[in-house]
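What follows is the residue order along each chain.
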Amino acid sequence: MNRFFITTAIDYTNGAPHIGHAYEKVLADVLARFHRQTGEEVFLLTGVDQHGQKVQQSAEREGIAPQEYVDGVTAKFLALWEKLGVVYDDWAATTAPKHKECVRAILTRLWEDRDPATGASRWIYKAARAGHYSVRQEQFLTDKERGPNGEFGPEWGQVEYREEENYYFRLAEHRQWLLDLIDARSGEGKPFVVPEFRVSELRNAVEKLEGDLCISRPKNRLSWGIEFPFDPGFVTYVWFDALVNYLSFAPGYDPIPTRPPHEFLAWWRTVIHDIGKDILIPAHGVYWPVMLKALGFSDAEMPTLLVHGWWNISGAKMSKSLGNTVDPDVLADRYGRAALRYYLMADIATGRDADFSEERLIQRYNVDLANGLGNLVNRTLNMTLKYREGSPAPIDLPADLATHLTANTLAQETYVRSMRDGQVQAGLESLGDVVNRANALVDASAPWKLAKDPEQADRLDAVLATLILSARTAATMLLPVLPEAAAEILEQLNLVAAPLEERGLELLPAGYRCGEPKPVFPRLDAIVPPEA
RNA sequence: GCCAGUGUAGCUCAGUUGGUUAGAGCGAGGGACUCAUAAGCCCUAGGUCACAGGUUCGAUCCCUGUCACUGGCACCA
């Protein structure tokens, strides 16, 4: 059986989830559900990044332990995924003992991977760096931070000269390897980064790669992290902690053996990292492949990065400081899970940015779901019950209706291709084709007229069967995005989902009888004003 | 500053591996119908595909330059 391993970025537990977090997780959930539907074995991994300075500071401000603080924020994420119907196979929390042990084992392994000539680690070294340090911002400053007059501005507070030792991961010497990898993957038609227009962006960044990656923080600066296994004076700094979650929670992974076991590799060879464009460079596009290489992963075992865009608010970047964040929790309560999931999948092309608007959300729901698919199901079932007591006579379809179903099959094939590429919006457009064609057929064939003419009895049976089968195709294509609503439609149709690889015509089963219609997507009338 | 992305109908956006009449939805106008969630269907929009060059038999789609907007280059979907 084919496998499909998809991960999301793990969200930083220093604030409540916003629409961007929700989008990424719903996207992963939809792709996971789609791949399951095609018969593949699927593993969806998501979680939270709980360490770091900001968490430590926030906890101190509230006078509670960091773990207590992150547990509180983590609960909000867990509740949101529950509310949005995001179902995952494992939960990657970076404070979990399993993860900490894995990070430490990996660091130890790299530290002990010695160059026989020098006796030094081939991957990690300790070095002292000196420079200007902002106490307020708790970071070293570079010349880029200097103002026009060459001085550090007041936003940095007190700036002092400091010297600090840290551990570094060798990065720069793998520049050419990474460039070759990127080019090779593009040449094979399996780009390292999807969508492909981001490849050049990454490539340029790699071209300019210099310097190594600082992977530690002295404990006196940062204590809320994973302690270095071979130097208790340090904790692991962000990326060697966060990125490793993809391994520590991967099915079957064990950091100890030289080569990972077969079960893990069977999953890993299919892995797709669903991430935002902000963490492509340098984290996922540079650090991560080099880290994997250091751990002995071959070029064929490098992941694919599925990079999505951002939801902007009125064209502006969403940010807390602008106060224009959108709370997915509130939206889900206000409009329902289905409306929110559908909007997030239908109104953005994977990889691109889009503008978020509640008006658009309502519009897409009403036009596509209520007026389109929902009404199609409703009118089809009503007519079937009214004219045929729910059971159209089983007859062969005339050529025009057979052609109609063939067009549906083609739409479904297009849909499958789009979804395999992660292009959910394009997939939903194919769904819209099926719905529109069926609604047009209703008007063109006018069953209410056929019903009055006994000589047209066969025609009426054939039209109703075509409509029912079209509705089934549409519901089948909706399943990954809106599983409950699609299941409800199938129940009303009294049919099971169509197989996605199906070809050729399939008629209604013998003795078919449809169920009772009930609007699956009640119209949303207008923007519900926010609570005063 | 460096790098990247974007710039397509009133609005929000697709798309074109270069090739006869550039697409969708919404909005707007008109029409016929009644099975249906007053939903659906049909017809209508004529946008120099940012601007200027270049390559080509032919460019909106490739190249160069210009302008505008956005993002990355410091944590951050």
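Everything numeric in this text was worked out from a predicted model, so none of it was measured. (Residues numbered from 1 in each chain as written. Chains lettered and ligands numbered in written order. Predicted model: local features only at pLDDT ≥ 70, side-chain atom pairs only at ≥ 80, totals over all residues. Heavy atoms only, no water.)

*Asks:* I keep staring at the overall build of chain A and nothing clicks. Help me out?
*Replies:* Assigned secondary structure in chain A consists of 18 helices and 16 strands. Projected onto its principal axes, the C-alpha coordinates of chain A cover approximately 95 × 55 × 40 Å. Expressed as a percentage of the 532 residues in chain A, the buried residues total 52%. Long-range pairs, those at least 24 residues apart, make up 77% of the contacts in chain A between residues at least 6 apart in sequence. Looking at chain A as shown, the accessible area adds up to about 23400 Å², and 50% of this sits on carbon and sulfur atoms. Of the side-chain charges in chain A, 56 are positive and 74 negative, and the distance between the mean point of each set is 1 Å. (Helix = DSSP H or I, 4+ residues; strand = E, 2+ residues; numbered from the N terminus. Buried < 20%, exposed > 50% of the residue type's maximum accessible area, 1.4 Å probe, protein only. Contact = heavy atoms within 4.5 Å. Areas by Shrake-Rupley, 256 points an atom, 1.4 Å probe, with all protein chains shown as cover. Lys, Arg positive; Asp, Glu negative; His and termini not counted. Charge placed at Lys NZ, Arg CZ, Asp CG, Glu CD.)

*Asks:* Is there a simple way to think about the pattern of salt bridges in this case?
*Replies:* It is possible for side chains bearing opposite charge to pair when their charged atoms get close. Within this structure, the stated rule accounts for 27 salt bridges. Ionic pairing is found between aspartate 90 and lysine 98, a salt bridge with its closest N-O pair at 3.7 Å. Classification of aspartate 90 as partly exposed rests on a relative accessible area of 22%. Taking relative accessible area as the criterion, lysine 98 reaches 45% and is therefore assigned partly exposed. In this structure, the salt-bridge partner of aspartate 443 is arginine 379, at a minimum N-O distance of 3.5 Å. (Salt bridge = Lys/Arg side-chain N within 4 Å of Asp/Glu carboxyl O.)

*Asks:* Looking at this structure, I do not really get the sheet that holds strand S10 (residues 216-218). What am I missing?
*Replies:* Either a parallel or an antiparallel arrangement is found when strands of a sheet pair, and the pairing is made through backbone hydrogen bonds. Taking strand neighbours across the sheet as the criterion, the three strands line up as S10-S12-S11 in an open arrangement whose pairing is antiparallel. The strands lining the two open edges of the sheet, one partner per strand, are S10 and strand S11 (227-228). Summarising the sheet, S11 and strand S12 (residues 231-236) pair through two bridges and their orientation is antiparallel. The residue bridging phenylalanine 228 from the neighbouring strand is aspartate 231, located in S12. (Pairing = 2+ DSSP bridges.)

*Asks:* Would you mind showing me how to read the side chain of threonine 380 here?
*Replies:* Turning to its location among the elements, threonine 380 is positioned in helix H13 (residues 358-388). At 2.7 Å, the side chain of threonine 380 forms a polar contact with the backbone oxygen of leucine 376. Beyond its immediate chain neighbours, meaning those up to four positions away, threonine 380 contacts Leu467 and Ile468. (Polar contact = N/O pair within 3.5 Å; in protein donor to acceptor, adjacent residues only side chain to side chain.)

*Asks:* Would you mind going over the pairing of strand S14 (residues 304-308) with me for this structure?
*Replies:* With five of five residues buried, S14 is to be regarded as a mostly interior element. Pairing analysis gives two bridges linking strand S8 (residues 193-194) to S14, with the strands arranged parallel. If you follow valine 194 over to S14, its bridge partner there is leucine 306. Looking at chain direction, strand S13 (residues 272-276) and S14 are connected through five bridges and run parallel.

*Asks:* How do you make sense of the packing of helix H14 (residues 399-420) against helix H15 (residues 424-445) when you look at a structure like this?
*Replies:* A packed helix pair is summarised by two numbers, namely the angle formed by the two axes and the spacing between the axes. Between H14 and H15, the shortest axis-to-axis distance is 7 Å and the interhelical angle comes to 170 degrees. When the axes of H14 and H15 are compared, the pair comes out roughly antiparallel. Here H14 and H15 pass one another in a crossing that is left-handed. Every residue of H15 that contacts H14 at Leu401, His404, Ala407, Asn408, Ala411, Thr414, Tyr415, Ser418 and Met419 is listed here: Val424, Ala426, Gly427, Ser430, Val434, Arg437, Ala438 and Leu441. Counted by class, the contact of H14 with H15 contains ten nonpolar, six polar and one charged residues. (Axes fitted to C-alpha atoms, helices over the stretch in contact; angles between N-to-C directions. Parallel < 35°, antiparallel > 145°, perpendicular 65-115°, else oblique. Left-handed = near helix turned anticlockwise from the far one by under 90°. Nonpolar A, V, L, I, M, F, W, Y, C, P; charged D, E, K, R; others polar.)

*Asks:* What am I meant to see in the protein's contact with RNA strand B here?
*Replies:* Neighbouring RNA strand B are 47 residues; Gly20, Glu24, Lys54, Asp278 and Asp443 lie closest to it. Taking all atoms of RNA strand B within 4 Å of the protein, the share assigned to sugar and phosphate is 75%. The separation between a base oxygen of RNA strand B and a polar main-chain atom of arginine 523 is 3.5 Å. Those elements that provide at least two residues to the surface near RNA strand B are helix H1 (19-37), helix H6 (197-207), helix H7 (238-242), H13 and H15. For the surface near RNA strand B, the leading source of residues is H13, giving 13 residues. Classifying every residue of the surface near RNA strand B gives 18 nonpolar, 14 polar and 15 charged. (Near = heavy atom within 4 Å.)

*Asks:* I would appreciate a short explanation of the packing of aromatic side chains in the present structure.
*Replies:* Remark: the centre distance and the inter-plane angle together describe each pair of aromatic rings, the angle taken between the planes. If you walk through the whole model with that rule in mind, you get 28 aromatic pairs. Judged by centre distance (5.2 Å) and plane angle (40 degrees), the ring pair of tyrosine 88 and tryptophan 91 falls under tilted. With relative accessibility at 25%, the residue tyrosine 88 sits in the partly exposed group. Seen in terms of ring centroids, tryptophan 111 and tyrosine 167 are 5.7 Å apart; in terms of plane orientation they differ by 85 degrees. Their pairing is edge-to-face. Of this pair, tryptophan 111 sits in helix H4 (residues 97-111) while tyrosine 167 is found in strand S7 (residues 159-169), placing the two residues 56 residues apart along the sequence. Positioned above the aromatic ring of tryptophan 310 is the side chain of lysine 277, whose terminal nitrogen or guanidinium carbon lies 5.1 Å from the ring centre. (Phe/Tyr/Trp six-rings, centres within 6.5 Å; stacked < 30°, edge-to-face > 60°. Lys NZ or Arg CZ within 6 Å of the ring centre and 35° of its normal.)

*Asks:* Looking at this structure, how should I read the environment of arginine 175?
*Replies:* Examined against the element boundaries, arginine 175 turns out to sit in helix H5 (residues 175-187). Its relative accessible area of 28% is what places arginine 175 among the partly exposed residues. Spatially, the C-alpha atom of arginine 175 lies 37 Å from that of valine 86, the residues being 89 residues apart in sequence. Those residues within four positions of arginine 175 in sequence are excluded, and the remaining contacts are Val206, Glu207 and Leu209.

*Asks:* Is there a simple way to think about unusual backbone geometry in this case?
*Replies:* Leaving glycine aside, a negative phi is the common case for residues, and trans is the common case for peptide bonds. Cis rather than trans, the peptide bond between valine 194 and proline 195 has omega equal to -5 degrees. Its location among the elements puts proline 195 in the loop between S8 and H6. Cis geometry is found at the peptide bond from isoleucine 281 to proline 282, where omega equals 0 degrees. Phi at alanine 446 takes a positive value of approximately 45 degrees, unusual for a residue other than glycine. Notably, asparagine 494 is not glycine yet its phi reads approximately 60 degrees, a positive angle. Structurally, the position occupied by asparagine 494 is in the segment after helix H18 (483-493).

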